[in-house]
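Here is how the chains run, residue by residue.
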Amino acid sequence: MMTRKEPYFSPYEIAVLSLCGALIFVSKVLIKVPLHSPGHSSLFVVIPFLVGCGVVRKPGAATYIGLITGLLASFFGLEALHLFDVFKYLAMGLVIDATALVFNFRMDNPAVGFIAGAAGSIAKMGVNYSIHLLLGVPATFIVLGVGVASVTHLVFGGIGGVIGALVIARLIRAGVIAGAPSSS
Amino acid sequence: MKRQRGVHYIKESTWLHRLDPRTKLVALVLLSMAAMATEEPLPLLLIFGTVLITAALSHMTRPFLGSLRLLMPVLLCILIIDAFFPRAAWGTVYYSAEFWIFHPVLSTGGLLFSAAMCLRLLAVGGFSFLFIMTTAFSDFVRSLRASGLPNTLAFSLGYALRSVSALTEDIGNIMDAQRSRALEFDRGNLVKNRHKILALAVPATVSVLSRARQVSEAMQCRGFGAAAHPTCYQVQGGGWEDVALVGCVLLGAAVSFLL
Amino acid sequence: MRPPHPDPIIDIHSLSCTYRDRGTVLKDLDLSIREGEFVLLTGPSGAGKSTLLRCINGLFQHDGIQGTASGEVRICGMDPADTRVCDLARLVGTVFQDPDHQLFSSDVESEIAFGLEQLGVDPAKMRGRIEEAAGVVGIEHLIQREVNALSWGERQRVAIASVIAMHPKILLLDEPTSGIDQSGAGHLVSVLKRLNEEIGLTIVVAEHRYEHFSRVCSRLVSIQDGTVCYDGLPVRPDLQVSERDQGSATGADVPDRPPLLSFEGIVYTYPGAARPALNGATLLVHAGEVVVLAGPNGSGKSTLLRHANGLLTPDRGTVKVGKEEIRGKSVAEIASSVGFLAQHADTQLFAETIGDEISFAPENLGFSPEKKEASVSRVMGALGLDRIGRFAHPLNLSVGEKQRVAIAGILAMETPVLVLDEPTLGLDPARKAGLAEGLRRFAREGKAVLVTTHDHEFATLLDGREVKMQDGRVVPMGGEQG
Ligand SMILES: Nc1ncnc2c1ncn2[C@@H]1O[C@H](COP(=O)(O)OP(=O)(O)OP(=O)(O)O)[C@@H](O)[C@H]1O
Ligand SMILES: Nc1ncnc2c1ncn2[C@@H]1O[C@H](COP(=O)(O)OP(=O)(O)OP(=O)(O)O)[C@@H](O)[C@H]1O
Ligand SMILES: [Mg+2]
Ligand SMILES: [Mg+2]
């Protein structure tokens, strides 16, 4: 019998990650929260990121989601300059992955959720402003904007993270998602 | 459908449409790099000219100009801010003032600088719009796959696009069902709404996960992962047109450097 | 029909399957199927039909977390336990119940090509195989279409074509006709018949509604209590329900009481749609009657029902609950008088316990704790949920159980009007009868009940006034005036 290399993500994990990526795009288009502050969309963007991360529990999961959402948003986005959305979501995924790795994928913990969500949301904002900087918006104004926006991104990203963690915790209790592997 | 906003693929078959998406991507990267490398108005005008000509040659002028309207807000902002707060003000000074910590100065140098920045935005943004308007997502994924994108990622991208409408429907159904149980989504603040968000997020997550379970089983039953090297149906090869576009962009970039 | 090949292509000896927390599903099952047979697999809900199919295509054996299998299974001489599912896919094609879960690409052509790509078929040969598969299933005209723009029945046929293109030897179908109307089901059956007769494909169909297949299959296998209880020539199932005398139906005498729920001349077009989904639909539901709304897929049944509690606002026409027009009221306000169960309601569950789930709506409506408690325990008893218990997680249940929890959540609202969209999804005959009895009792208590269903059996059990939806209009079932 020929031995084959097992793929990194199983088919189930691939399906989960693809669907989470699509879900982020959908919720961004669909859900309009009556809040008009920069970064409020992070609230919903963060949740599928965390869920994907919490279900798959492998490094790279969030980056994978970010890549998929980013490419979808680039092609079918609604804002000006949406071709550059890939970088925003990719950065977000990378940062969430890094956080998840640091906290050993305890994504059901609201504190971890808050940190991951806030960090991811800030990373996304950072990339967004760098793109603006490259395209000619002067740095002073960006610094001013960053001052206000980083607070809202932090808060909304964090809240989204907490909600994501609550969702994961509830699904683990219900047995829909396998919890943290005991020791193996 | 809310498809009016934003830039979208236009189904036609101009030469730009027929080009290999990879070629267009390379051209986009080259052109953006060239545009980022300079702050002079003239080379940037030239680069923008290249983009305009490309649009005209592929009979996309009208939708192209239409799409540029999307950039208007950013453009205005850059125009005004860069005119009054350039990196360096030189030449004739038309106006100067002091408000709190700001020192707006309107000068020839500032005007030229802001024009250059606008042109840069127009060139980079415009070419990215052209790219999106002439490249179908599925063609893009297919061409990436032909040049070595892992089969898994190609599958994910295609499936994610396919599931967008199904997920939209799922979420709409979940919201309707909860509203039928007398839940109101648009009252009260966020803290009060915490449970309402959970009443949406939990069923949405559950439906995503059960969808994923069934999809992964179907994938395996359709042979996903059976061959070490899956083949690819319908890949178009590059032609002289691909070479022509890259050459054209390179030439434009080179000339703008020489200036 | 070709004579069946002598050697069995599917050979199963003393197969036993156990789910982790559900006990043994299949016990010592023996079954052998020869090449070229067309087998119909029946049995009550939960008997293990889907489990048996999952053993044949190897999904069960490779799903280690969920269950264990023992016994011997040979598919074309191979053991699925030692073969990866994706390798077995060269021999066994599977069509799942929901076509949406097995279509991955955005257009039909790439969808059919998907399996071929995964098997590493030479791209030069693909076009031929795609055209051949599309031709066999009769979807040549759909090849260039977007999958999302197809109807359910068309998607089902694309799913079959994309499996056929891989040239399997065995085709498995799990409940292919659920959710499809009569004409769609008839079409599907004729496609399968052709595949079986012309290509000699071995076909195994698991199906509840076997009236469609009993005409064409060559063999009927019935599973009960984990073993094969009938194996032989297809017999026409004796449908007790169809033999019931329908003379006693309350449908004939429309009560002259005032209507509790009335739709008058409803016209509604979905945003962006070309045709109106409802085109002057008029329907009165009186206190004390059960109205059964039937009609083909896409005729507008769900759309009409969504007007009952204001989820949709008609472009023209009026909806009245009692004597009051509902236009301008919020869904939450109307919810106190109209209980609405959406199609596929099992996906709306989110609470941690069944009790919380059912009391969610009463709490939103501001019931007092005692009233809420009384109403929750009453509906749990009525739907047989007290046996599962109030503290079980709703997310862990089977489809039929989830559906019952969702129904309970609506019944607990104690509204004078009940509107249910396809409530029988996943319910076995006994539960269906129980639900029908419950709804009839509600009607006797003076409530108005409006139900849509594709299920004839359930409609007969409900014994109400039957009306039909056709092209966005409501027409009476027989010749009588509705
Ligand atoms: N993943 C699972 N985990 C635990 N139990 C399961 C699982 N899947 C099915 N079961 C249980 O196994 C039994 C048989 O299920 P199966 O799906 O094979 O029935 P079926 O005959 O196909 O029924 P139906 O006609 O309702 O589809 C049921 O009692 C079901 O609750
Ligand atoms: N959200 C929507 N947007 C656009 N069109 C829709 C939407 N929902 C339904 N339609 C269209 O409206 C028509 C009526 O659909 P409806 O769901 O009411 O049918 P139905 O009678 O309930 O069918 P089924 O028996 O399959 O449930 C169909 O042509 C459908 O394609
Ligand atoms: Mg089944
Ligand atoms: Mg319907």
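Calculation criteria
Residues numbered from 1 in each chain as written. Chains lettered and ligands numbered in written order. Predicted model: local features only at pLDDT ≥ 70, side-chain atom pairs only at ≥ 80, totals over all residues. Heavy atoms only, no water. UniProt positions renumbered as here; feature names shortened; annotations may be inferred. Contact = heavy atoms within 4.5 Å. Buried area = accessible area lost by both parts, 1.4 Å probe. Salt bridge = Lys/Arg side-chain N within 4 Å of Asp/Glu carboxyl O. Polar contact = N/O pair within 3.5 Å; in protein donor to acceptor, adjacent residues only side chain to side chain. Helix = DSSP H or I, 4+ residues; strand = E, 2+ residues; numbered from the N terminus. Nonpolar A, V, L, I, M, F, W, Y, C, P; charged D, E, K, R; others polar. Domains from an automatic or database assignment. Near = heavy atom within 4 Å. Areas by Shrake-Rupley, 256 points an atom, 1.4 Å probe, with all protein chains shown as cover. Donors = N, O, S within 2.8 Å, 3.2 Å for Na, K, Ca; no water. Buried < 20%, exposed > 50% of the residue type's maximum accessible area, 1.4 Å probe, protein only. Core = buried A, V, L, I, M, F, W, Y, C linked by side-chain atoms within 4.5 Å. Axes fitted to C-alpha atoms, helices over the stretch in contact; angles between N-to-C directions. Parallel < 35°, antiparallel > 145°, perpendicular 65-115°, else oblique. Pairing = 2+ DSSP bridges. Phe/Tyr/Trp six-rings, centres within 6.5 Å; stacked < 30°, edge-to-face > 60°. Lys NZ or Arg CZ within 6 Å of the ring centre and 35° of its normal.

The name an unreviewed UniProt entry gives chain C is ABC transporter ATP-binding protein, with Methanofollis aquaemaris as the organism. Here is the UniProt Sequence similarities (unreviewed entry) comment for chain C, exactly as written: "Belongs to the ABC transporter superfamily." Under the UniProt heading Function (unreviewed entry), the entry covering chain C gives this text: "Probably part of an ABC transporter complex. Responsible for energy coupling to the transport system."

The name recorded for chain B in an unreviewed UniProt entry is Energy-coupling factor transporter transmembrane protein EcfT, from Methanofollis aquaemaris.

A.B. asks: So what's going on with the interface of chain C and chain B? Which residues, and what values?
C.D. replies: With 65 residues of chain C at the interface, the matching set in chain B holds 47 residues. In terms of surface lost to chain B, no three residues of chain C exceed His101, Phe104 and Gln118 of chain C, which account for 16% of the buried area on that side. At the junction of chain C with chain B, the criterion picks out six salt bridges. Along the contact surface separating chain C from chain B lie 22 residue pairs in polar contact (both at pLDDT 80 or more). At the level of secondary structure, the elements contributing two or more residues to the side of chain C that touches chain B comprise helix H2 (85-88), strand E5 (92-95), helix H3 (108-119), helix H4 (123-137), helix H5 (152-164), helix H9 (331-334), helix H10 (354-364) and helix H12 (399-411) of chain C. With 10 residues, H3 of chain C is the largest single contributor of residues to the side of chain C that touches chain B. Across the side of chain C that touches chain B, the residue classes tally to 32 nonpolar, 20 polar and 13 charged.

A.B. asks: Could you give an account of the domain arrangement of chain C, with specific residues and numbers?
C.D. replies: When its domains are assigned, chain C resolves into domain 1 (8-239) and domain 2 (244-476). The distance between the C-alpha centroids of domain 1 of chain C and domain 2 of chain C comes to 33 Å.

A.B. asks: Pulling in residues and values, what's your account of the site of ligand 2?
C.D. replies: Residue and element names in this part refer to chain C. Lining the immediate surroundings of ligand 2 are Tyr270, Ala277, Pro296, Asn297, Gly298, Ser299, Gly300, Lys301, Ser302, Thr303, Gln343 and His454. Residue glycine 298 places a main-chain N or O atom 2.8 Å away from an oxygen atom belonging to ligand 2. Interatomic distance of 2.4 Å between a side-chain N/O atom of threonine 303 and an oxygen atom of ligand 2. Considered on its own, ligand 2 offers 630 Å² of accessible surface; in the complex 61% of this is hidden by protein. Residues that form the shell around ligand 2 fall into these classes: three nonpolar, eight polar and one charged.

A.B. asks: Which residues make up the coordination of the magnesium ion (ligand 4), and what are the values?
C.D. replies: All names here are of chain C. Protein ligation of the magnesium ion (ligand 4) involves Ser302 (OG) and Gln343 (OE1), the donor distances falling in the range 1.9 to 2.3 Å. Taken as a pair, serine 302 in helix H8 (residues 301-305) and glutamine 343 in the loop between strand E15 (338-341) and H10 lie far apart in primary sequence, 41 residues in all. Look at glutamine 343 and you get partly exposed, because its relative accessible area is 31%.

A.B. asks: Requested: an account of the nonpolar core, with residues and values cited.
C.D. replies: With 172 residues, the main nonpolar core has Phe49 and Leu72 of chain A, Leu130 and Phe137 of chain B together with Ile358 and Leu439 of chain C as its most contacted residues. Of all hydrophobic cores here, the second largest spans 46 residues; its members include Leu40, Val95, Val108 and Leu150 of chain C.

A.B. asks: Just give me the short version of the packing of helix H2 (residues 21-37) of chain B against helix H6 (residues 108-134) of chain B, but keep the residues and values in it.
C.D. replies: Residue and element names in this part refer to chain B. Between H2 and H6, the shortest axis-to-axis distance is 9 Å and the interhelical angle comes to 175°. Regarding the angle of H2 to H6, the classification is roughly antiparallel. Listed contacts from H6 to Pro21, Lys24, Leu25, Ala27, Leu28, Leu31, Ser32, Ala35 and Met36 of H2 are Arg120, Ala123, Val124, Phe127, Ser128, Phe131 and Thr134. Among the residues forming the contact of H2 with H6, the class breakdown is 11 nonpolar, three polar and two charged.

A.B. asks: I'd like a rundown of the interface of chain A and chain B, residues and numbers included.
C.D. replies: Opposite the 50 residues of chain A that make contact, chain B presents 59 residues. Together chain A and chain B conceal approximately 5,200 Å² of surface at their shared face, both sides included; 83% is due to carbon and sulfur atoms. The tally of links between chain A and chain B comes to zero salt bridges. Counting the contacts that link chain A with chain B gives three residue pairs in polar contact (both at pLDDT 80 or more). Residue assignment for the side of chain A that touches chain B shows that the elements contributing at least two residues are helix H1 (11-30), helix H2 (42-56), helix H3 (61-76) and helix H6 (139-173) of chain A. Take the side of chain A that touches chain B: its biggest share by element is 12 residues, from H1 of chain A.

A.B. asks: Explain the sheet that holds strand E2 (residues 23-34) of chain C to me, and be specific about the residues and the numbers.
C.D. replies: Residue and element names in this part refer to chain C. Taken together, the three strands give an open sheet; going across it, the order is E2-E1-E4, and neighbouring strands pair in antiparallel fashion. Among the strands making up the open sheet, the edge pair consists of E2 and strand E4 (67-75). The sheet shows a mean angle of 5° between the axes of neighbouring strands, direction not considered. When strand E1 (residues 8-19) meets E2, the two strands line up antiparallel, connected through eight bridges. Looking at E2, one finds that proline 8 is bridged to arginine 34.

A.B. asks: Describe in detail the packing of aromatic side chains, supporting the description with residues and values.
C.D. replies: Counted by the stated rule, this structure contains 16 aromatic pairs over all chains. When the centroid spacing of 5.9 Å and the interplanar angle of 10° are considered together, the rings of phenylalanine 155 of chain B and tyrosine 159 of chain B count as stacked. Here phenylalanine 155 of chain B and its partner tyrosine 159 of chain B are both found in helix H8 (residues 151-180), four residues apart, which amounts to about one turn of the helix. The same class applies to phenylalanine 155 of chain B as to tyrosine 159 of chain B, namely buried. A network of ring pairs unites the aromatic residues Phe75 and Phe76 of chain A together with Phe131, Phe137 and Phe140 of chain B as a single cluster. Over the ring of tyrosine 8 of chain A we find lysine 58 of chain A; its NZ or CZ atom is 5.5 Å from the centre of that ring. The lysine or arginine in question, lysine 371 of chain C, covers the ring of phenylalanine 367 of chain C, its NZ or CZ lying 4.1 Å from the ring centre.

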